[in-house]
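Residue-level listing of the chains:
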Amino acid sequence: MAFNSMLRKASSALLPLAIRSSRTFQRSIPAVLCIDKHGLVANQSFLPLSRFSTDAALKQSSDVRLIQVLDSEIECAEEPHDVESVPDGFPFEIEDIPGERTVLLKRKYLDETIKVEVDMPNVEVEEGNEDDDNTESNAPPSVPLVVTISKDNSSQFLEIGVTAFPDEISIDSLAIKDSSISEDQLAYEGPDFNDLDENLQKAFHKYLEIRGIKPSTTNFLLEYMTEKDNREYLKWLNNIKDFVGKKA
């Protein structure tokens, strides 16, 4: 009995020591001792450094891959495109600011000031089967225009929405507006153009034609805006590449 009692006491005394030793050993596995610049000893864990190294490697790999794809796309976008020069007798002054998606045309016609805002061309895409890539449809390309005609000494102006196709101009909307009235007010903008009398539609087309909005003008604009779209896309690609490759 005495022996068993002594054995239990010895075991109970050794057990906490073993547990403490085990805990000390486990705690020392992920850490190392480092001496800082002041000569003091400090613990430093491997785990955060390992995670940082992994993240840095993934980031670098992803950035390199993206830059490679961008370079390939830039090379395709840099292929030369044939662009006609501004034709003789083109009635508008072209204001083209790099980095902007629209081009502004201006001209003076007797007592009127005519401005035309030209947007990027539209190319419709035909959706195929899920297994097929999207392909361009047979629909002709088009370019949207907003024609503004104002008269001297008047706050009112006529705003005409136009879609220009090759050799054809479609009028989409007509509205008389007033620069002195807030745009928040919902003014009546007239019926759908196609609902107008056919003779009235023809008269409006003639009205635009003598002011320079005619197929010979819009055909050039379609080519011009297609080339601008290519230039802006190339610039956009290079800006993204510069940002991705920029060092912190």
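The following refers to the structure shown.

The rules we used
- Residues numbered from 1 in each chain as written.
- Predicted model: local features only at pLDDT ≥ 70, side-chain atom pairs only at ≥ 80, totals over all residues.
- Heavy atoms only, no water.
- Helix = DSSP H or I, 4+ residues; strand = E, 2+ residues; numbered from the N terminus.
- Buried < 20%, exposed > 50% of the residue type's maximum accessible area, 1.4 Å probe, protein only.
- Contact = heavy atoms within 4.5 Å.
- Areas by Shrake-Rupley, 256 points an atom, 1.4 Å probe, with all protein chains shown as cover.
- Phe/Tyr/Trp six-rings, centres within 6.5 Å; stacked < 30°, edge-to-face > 60°.
- Lys NZ or Arg CZ within 6 Å of the ring centre and 35° of its normal.
- Expected span 1.5 Å × (residues − 1).
- Core = buried A, V, L, I, M, F, W, Y, C linked by side-chain atoms within 4.5 Å.
- Pairing = 2+ DSSP bridges.
- Axes fitted to C-alpha atoms, helices over the stretch in contact; angles between N-to-C directions.

**Examining the overall build of the chain**
Part 1: A count of helical and extended segments in the chain gives four helices and ten strands.
Part 2: The buried share of the chain, reckoned over its 248 residues, is 21%.
Part 3: Within the chain, residue pairs in contact and separated by at least 24 positions form 50% of the contacts whose partners lie at least 6 positions apart.
Part 4: About 18500 Å² of surface is accessible on the chain, with carbon and sulfur atoms providing 54% of the total.

**Regarding the packing of aromatic side chains**
Part 1: Taken as a whole, this structure holds five aromatic pairs when the rule is applied.
Part 2: When the centroid spacing of 6.2 Å and the interplanar angle of 65° are considered together, the rings of Phe193 and Phe204 count as edge-to-face. Highlighted residues: Phe193 in the loop between strand S10 (168-178) and helix H3 (198-209) and Phe204 in helix H3, separated in sequence by eleven residues.
Part 3: On the basis of relative accessibility, which here comes to 3%, the residue Phe193 falls in the buried class.
Part 4: Centre to centre, the rings of Phe220 and Tyr224 are 5.8 Å apart; their planes meet at 45°, and the pair counts as tilted. Taken together, the residues Phe220 and Tyr224, both in helix H4 (residues 215-245) and four residues apart, mark about one turn of the helix.
Part 5: Of the residues examined, Phe220 reaches a relative accessible area of 5% and is grouped as buried.
Part 6: Owing to a relative accessible area of 16%, Tyr224 belongs among the buried residues under this scheme.
Part 7: Through successive ring pairs, a cluster of aromatic residues spans Phe90, Phe92, Phe220 and Tyr224.
Part 8: In this structure, Arg107 packs its charged tip against the face of Phe92, placed 5.8 Å from the ring centre.
Part 9: Here the guanidinium or amino end of Arg231 rests over the ring plane of Tyr224, the centre of that ring lying 5.9 Å away.

**What to know about H4**
Part 1: Look at H4: 45 Å from first C-alpha to last across 31 residues, which is about the 45 Å you get at 1.5 Å a residue.
Part 2: All of the buried residues along H4 are Thr217, Thr218, Phe220, Leu221, Leu222, Tyr224, Met225, Glu227, Lys228, Glu232, Leu237 and Val244.

**Examining the nonpolar core**
Part 1: Formed by 28 residues in total, the largest nonpolar core has its most connected members in Leu105, Val116, Val118, Leu145, Val147 and Ile160.
Part 2: Of all elements in the fold, only strand S4 (103-109), strand S5 (112-118), strand S8 (143-151), strand S9 (156-165), S10 and H4 reach the threshold of two or more residues within this core.
Part 3: The element contributing the most residues to this core is H4, with five residues.

**As for unusual backbone geometry**
Part 1: The phi torsion at Asn153 lies on the positive side, around 60°, for a residue other than glycine.
Part 2: As for its placement among the helices and strands, Asn153 is situated in the loop between S8 and S9.
Part 3: Under the relative-accessibility criterion, Asn153 is labelled exposed at 86%.
Part 4: Positioned with a positive phi, Asp167 is a non-glycine residue whose angle comes to about 65°.
Part 5: Turning to its location among the elements, Asp167 is positioned in the loop between S9 and S10.

**Observations concerning the sheet that holds strand S3 (residues 93-95)**
Part 1: Read across the sheet, six strands follow the order S3-S4-S5-S8-S9-S10 without closing on themselves; strand pairing throughout is antiparallel. Bordering the open sheet on either side are S3 and S10, each of which pairs with just one other strand. Averaged over all pairs of adjacent strands, the angle between strand axes in this sheet comes to 20°, irrespective of strand direction.
Part 2: Relative to S4, S3 runs antiparallel, the two being bridged by three bridges. Residue pairing across strands places Ile94 opposite Leu105, the latter belonging to S4.
Part 3: Most of the contacts of H3 go to S10, to which it runs at about 85°, and overall it touches S5, S8, S9 and S10.

On their own, these measurements won't tell you what the molecule is for.
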